[in-house]
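Listed below are the residues making up each chain.
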Amino acid sequence: MTDRALIDMLTARLGADAVRTDDEAVTLAANDVHVTADRPAAMVAPRDAADVAAIVAAATTQGHAVVPRGGGLSYTGGYAPPSARTITVDMRGMNRILDIAEQDMTITVQAGVTWKQINDALKPRGLRLPYIGTFSGAGATVGGGLGHGALFFGSARYGSAAENVLGMEIVLADGTILRTGQGALAQPSKPILRSFGPDLTGLFTHDGGMFGIKTEATFRLIRSPAEQGYASFAFACIKQAADALCEIARADLAEEVYILDPSAAGAVHADATTMAKTAMSVAREAGGALKAIKALASLAKGGTDFIPEGHFSLHLTAAGRCAAAVEADLDAAQRIAVQSGGIVVAPTIPRVARAEIFANLNGVLGPRGGRWAALNAKVAHSDAHLLIDAFDAMIAPHAEEMAACGVTHTRLVSALANHCFSFEPVFHWQDSWQPLHRMAPECDHLTRFTEPAPNPAGRALVDRLRQQTVELFRSLGAASNQIGRTYPFRPALSPAPEQLLLTIKRALDPRGLMNPGVLGFT
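Just so you know, these numbers come straight off a predicted model, no measurement behind them.

(A) Spatial organisation of the overall build of the protein chain. Summing up its helical and strand segments, the protein chain has 20 helices and 19 strands in all. The C-alpha atoms of the protein chain give a radius of gyration of 23 Å, which matches the 24 Å a tight globule of 522 residues would have. Along the three orthogonal principal directions, the C-alpha set of the protein chain runs to about 65 × 60 × 50 Å. Among the 522 residues that make up the protein chain, the fraction classed as buried is 56%. In the protein chain, once contacts between residues fewer than 6 apart in sequence are set aside, the share between residues at least 24 apart is 75%.

(B) Local environment of the nonpolar core. Core analysis: the largest hydrophobic core is formed by 120 residues, its most contacted members being Trp115, Phe219, Leu314, Leu316 and Phe421. No other element matches helix H8 (residues 238-250), which puts eight residues into this core. Judged by nonpolar contacts, the second largest core, of 25 residues, contains Leu10, Val44, Ala53 and Ala58.

(C) Fine view of unusual backbone geometry. Its identity is not glycine, yet Gln482 carries a phi of approximately 50°, on the positive side. Among the secondary structure elements, Gln482 is positioned in the loop between helix H18 (456-475) and helix H19 (489-492). The exposure class assigned to Gln482 is buried, which follows from its relative accessible area of 12%. For Asn515, which is not glycine, the phi torsion reads 45° and is therefore positive. Turning to its location among the elements, Asn515 is positioned in the segment after helix H20 (495-508).

(D) Representation of helix H14 (residues 384-395) in the model. Counted at 1.5 Å a residue, the expected span for H14 with its twelve residues is 16 Å, and the 17 Å between its end C-alpha atoms agrees. Residues of H14 that are buried: Ala384, Leu387, Ile388, Ala390, Phe391, Met394 and Ile395. Angularly, the buried residues of H14 cover 165° about the axis, an arc narrow enough to put them on a single face. Of the surrounding elements, those touching the buried residues of H14 are H8, strand E17 (377-379), helix H15 (399-405), strand E18 (408-416), strand E19 (420-429) and H18.

(E) A look at the environment of Glu424. Position of Glu424 relative to the elements: it lies in strand E19. Glu424 gets classed as buried once you look at its relative accessible area, which sits at 19%. Put simply, Glu424 and Val413 are eleven residues apart on the chain and 6.0 Å apart in space, counted from C-alpha to C-alpha. Beyond its immediate sequence surroundings of up to four residues, Glu424 is in contact with Tyr75, Ala374, Leu375, Asn376, Thr410, Arg411 and Leu412.

(F) Just the environment of Ala138, in detail. For Ala138, the position within the fold is in the loop between strand E7 (127-128) and helix H5 (142-148). Ignoring any residue separated from it by four or fewer positions in sequence, one finds Ala138 in contact with Thr114, Lys116, Phe358, Asn360 and Leu361.

(G) Quick peek at the packing of helix H1 (residues 3-14) against helix H3 (residues 49-61). At their nearest, the axes of H1 and H3 sit 10 Å apart, and the two run at 165° to each other. Taken together, the axes of H1 and H3 are roughly antiparallel relative to one another. When you trace H1 past H3, the crossing you get is right-handed. On H3, the residues touching Leu6, Met9, Leu10, Arg13 and Leu14 of H1 are Ala50, Asp51, Ala54, Ile55, Ala58 and Ala59. Per-class residue counts for the contact of H1 with H3 are nine nonpolar, no polar and two charged.

(H) Spotlight on the packing of aromatic side chains. Within this structure, the stated rule accounts for ten aromatic pairs. Taking 6.0 Å as the distance between ring centres and 85° as the angle between the ring planes, the aromatic pair formed by Phe153 and Phe358 counts as edge-to-face. Residue Phe153 is found in the loop between H5 and helix H6 (155-158), and its partner Phe358 is found in the loop between helix H13 (348-355) and strand E16 (371-374); the two are separated by 205 residues along the sequence. The same class applies to Phe153 and to Phe358, which are both buried. Here Phe204 and Phe211 contribute two aromatic rings whose centre-to-centre distance is 6.2 Å and whose plane-to-plane angle is 85°, an arrangement assigned as edge-to-face. The class for Phe204 is buried, based on a relative accessible area of 2%. The exposure class of Phe211 is buried, given its relative accessible area of 1%. Three or more aromatic residues joined by ring pairs form one cluster here, namely Phe135, Phe152, Phe153, Tyr258 and Phe358.

Definitions and cut-offs
Residues numbered from 1 in each chain as written. Predicted model: local features only at pLDDT ≥ 70, side-chain atom pairs only at ≥ 80, totals over all residues. Heavy atoms only, no water. Helix = DSSP H or I, 4+ residues; strand = E, 2+ residues; numbered from the N terminus. Rg over C-alpha atoms; globule rule 2.2 N^0.38 Å. Buried < 20%, exposed > 50% of the residue type's maximum accessible area, 1.4 Å probe, protein only. Contact = heavy atoms within 4.5 Å. Core = buried A, V, L, I, M, F, W, Y, C linked by side-chain atoms within 4.5 Å. Expected span 1.5 Å × (residues − 1). Arc of directions from axis to C-beta. Axes fitted to C-alpha atoms, helices over the stretch in contact; angles between N-to-C directions. Parallel < 35°, antiparallel > 145°, perpendicular 65-115°, else oblique. Left-handed = near helix turned anticlockwise from the far one by under 90°. Nonpolar A, V, L, I, M, F, W, Y, C, P; charged D, E, K, R; others polar. Phe/Tyr/Trp six-rings, centres within 6.5 Å; stacked < 30°, edge-to-face > 60°.

Shown next, in the form of structure tokens:
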């Protein structure tokens with residue numbers, strides 16, 4: 001079947017508005033924040049699981065690849081079309097919250113729902129997800145987060161999105177609709193347990209969509225903590241900051257704890273207008289007039305230029321059932337930080353991050369209107385120094401070339417639960433924008449910048465540095481999330497797990513048409 005015949009078939013099934021072949025749509029589908037791939041034959045927007053099943057069955061029967069796309073806010077080619085004979089399934093229209101079961105402490109949503117939508121729906125009920133969402137939660141979707149490894153807000157205590165999901169609905173390569181968790185039972189059951197027998201839910205997390213397309217997910221809920229508190233510390237050395245972060249994580253003192261490079265922290269220094277807007281958000285989120293006054297007083301005292309020049313900064317959010325418990329956690333974190341060489345600074349950054357959680361997607365652009373691309377490695381706390389030293393040694397010989405091409409780097413370090421050290425180098429450079437750079441930020445933010453001229457030399461250098469970084473991470477046995485098509489996942493596996501995953505892939509997708517190439521499986 002030709003592209004045109006398949007597109008006509010899908011149009012008859014879904015309607016003309018749901019099947020886009022225009023230049024804007026297929027160009028958007030070919031690009032993420034960093035990667036550019038082939039333009040697909042069409043970008044198709046389903047409304048429900050039945051639509052997804054029809055799209056997948058029609059496309060794979062005719063030999064077309066199928067690639068799911070959520071918010072599009074990735075940078076590892078996870079939804080990059082492998083060829084022009086691809087149908088991109090745009091999941092953003094499947095954005096309904098299906099059920100909030102307060103008695104059972106679960107929420108069920110379609111896969112195109114964003115983390116912001118969930119947070120907004122739960123907040124008036126005094127509920128939230130344990131893992132709250134990623135930095136890009138205003139646009140990032142549940143399906144994308146479960147497929148590629150979303151983490152950050154809440155992750156130091158509760159792990160990633162995949163560790164909090166109870167069950168999913170999946171469309172397989174032949175159009176079969178499959179449910180996991182208690183949804184797998186023939187007798188209808190409330191989705192309160194993830195694994196009743198082998199963990200089918202886990203099989204479809206972090207799979208990049210190579211086993212099927214997620215259409216629905218159920219998460220467990222918690223009651224929103226009654227109290228929150230914030231702390232920030234400055235360190236002259238990243239290793240000192242890392243030591244403090246690891247011990248704070250081991251002691252379970254924070255919902256998120258992270259380290260910013262000196263230049264990364266400097267980028268959040270705000271002008272008066274931004275601080276005024278921020279103050280309104282801080283007051284609104286404080287919870288009561290007296291708390292609002294105290295929060296605003298703390299924000300005013302801290303200001304924006306609060307971290308000593310050249311210092312790494314560690315930031316954390318503590319939460320608990322009462323003020324005394326939060327204060328005890330903050331006191332314990334301060335003792336750890338000071339013992340590691342830190343000094344107390346105003347906690348402006350974590351306070352603002354929580355007050356304006358999921359405010360916008362302006363961070364898709366760098367602070368000067370340039371581009372950025374990140375990578376990440378997860379290692380044991382005891383290997384934190386080894387990872388930091390190895391990356392520094394790898395990057396050092398490239399200093400002159402980076403300066404010549406206008407490429408810089410920062411590092412974001414965070415804790416994933418109490419046992420995992422997450423290290424994220426981010427490369428920055430001025431370069432012409434991808435479609436998402438023009439579409440995701442707020443209009444008034446975008447108008448502050450002029451799109452930079454193309455910088456092919458800088459882009460090529462970033463790609464080389466990313467490749468070397470990925471190889472370094474592999475040599476250290478590090479794990480990564482958001483694997484996409486950037487990390488050599490399949491080649492990095494030992495023979496037995498590789499064969500098992502290959503067997504499952506062949507059973508579920510015998511023609512290899514579900515997001516071919518992701519995770520290294522073609």
